[in-house]
Amino acid sequence: MKRMSPWLLLVAFIVSVNCFADSDSAALFKSKCAMCHGPDGTGSTMGQKLGVKSYKSPDIKKQSDADLKNSITNGKGKMPAYKSLTPEQVDGLVKYVRELGK
Ligand code: HEC
């Protein structure tokens, strides 16, 4: 059993590195955004109470990528600011938001 643990650590390390990779916007969205925006972007019960709009609504679709990036980075209304995200992560999230809005 003791011999197994370094391998388990290695596996855990690889899994966690993959989860935090910039390209994995879906995982980022699930961990940071879905609690309010819902896994499909239409808004969770809690999110709707706070005033989220569905990503499929014209209100979101008419906004530019720059507008959406600004809202994600600096927050908007009751949405918290996500200043710790890298520009690449924000770009990925905007693409993911557009994807959900289709
Ligand atoms: C605590 C709940 C909450 C979380 C967590 C949250 N949001 Fe929001 N979000 C909101 C609310 C509320 C609004 C509506 C703000 C408004 O229009 O007043 C919003 C609006 C938005 C908008 C549209 C902005 C606009 O101009 O209407 C985008 C895009 C967005 N969120 C993306 C994200 C992303 C990406 C994440 C994860 C990094 C995230 N949100 C996490 C609550 C949240």
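Computed from a predicted structure; not experimentally measured.

On to the side chain of H37. Note that H37 resides in helix α3 (residues 34-37). Ignoring anything within four residues of it in the chain, the contact list for H37 reads F29, T42, G43, S44, V52, Y55 and M79.

Here we take up the side chain of S54. Structurally, S54 is set in the loop between α4 (45-50) and α5 (58-61). Within the structure, S54 has its side chain in polar contact with the backbone nitrogen of K56 (distance 3.0 Å). Sequence-distant contacts of S54, defined by excluding residues within four places in its chain, comprise G41, T42 and I60.

Moving on, we come to the nonpolar core. Formed by 16 residues in total, the largest nonpolar core has its most connected members in F29, Y55, I72, L85 and L93. Of all the elements in the fold, those that place two or more residues in this core are α2 (25-32), α6 (65-74) and α7 (87-100). Broken down by element, this core gets its largest block of residues, 6 residues, from α7. Those residues in contact with L85, other than ones at most four positions away along the chain, are L28, K32, I72, V90 and L93.

Our focus in this paragraph is the coordination of the iron atom of the ligand. Taken together, H37 (NE2) and M79 (SD) make up the protein donors of the iron atom of the ligand, found 1.9 to 2.0 Å from the metal. If you look at the iron atom of the ligand, its 6 donor atoms make angles of 84 to 179 degrees with each other, and the shape they trace is octahedral. You can see H37 sitting in helix α3 and its partner M79 sitting in the loop between α6 and α7, a full 42 residues away along the chain. When its relative accessible area of 26% is taken as the criterion, M79 is described as partly exposed.

On the surface, M35, M46 and L50 cluster together into a nonpolar patch covering about 280 Å² of accessible area. Within the element layout of this structure, M35 appears in helix α3.

Given a rise of 1.5 Å per residue, 14 residues ought to cover 20 Å, and the 20 Å separating the end C-alpha atoms of α7 matches this to within 8%. Every buried residue of α7 is accounted for by Q89, V90, G92, L93, V94, Y96, V97 and L100.

In the structure shown here, the tally under the stated rule is 4 salt bridges. The salt bridge involving E99 is made with K102; its shortest N-O contact spans 3.3 Å. For E99, a relative accessible area of 47% puts it in the partly exposed group. Since its relative accessible area comes to 70%, K102 is described here as exposed.

Let us look at α2. Those residues of α2 not exposed but buried are S25, L28 and F29. Take α2 and look down its axis: the buried residues cluster within an arc of 100 degrees, on one side only. Every exposed residue of α2 that faces more than 90 degrees away from the buried side is listed here: K30 and S31.

Rules of the game
- Residues numbered from 1 in each chain as written.
- Predicted model: local features only at pLDDT ≥ 70, side-chain atom pairs only at ≥ 80, totals over all residues.
- Heavy atoms only, no water.
- Helix = DSSP H or I, 4+ residues; strand = E, 2+ residues; numbered from the N terminus.
- Contact = heavy atoms within 4.5 Å.
- Polar contact = N/O pair within 3.5 Å; in protein donor to acceptor, adjacent residues only side chain to side chain.
- Core = buried A, V, L, I, M, F, W, Y, C linked by side-chain atoms within 4.5 Å.
- Buried < 20%, exposed > 50% of the residue type's maximum accessible area, 1.4 Å probe, protein only.
- Donors = N, O, S within 2.8 Å, 3.2 Å for Na, K, Ca; no water.
- Tetrahedral: all angles 85-135°; square planar, octahedral: opposite > 155°, others 65-115°.
- Patch = residues over 30% accessible without salt bridge, like charges linked within 9 Å, V, L, I, M, F, W, Y side chains within 5 Å.
- Areas by Shrake-Rupley, 256 points an atom, 1.4 Å probe, with all protein chains shown as cover.
- Salt bridge = Lys/Arg side-chain N within 4 Å of Asp/Glu carboxyl O.
- Expected span 1.5 Å × (residues − 1).
- Arc of directions from axis to C-beta.

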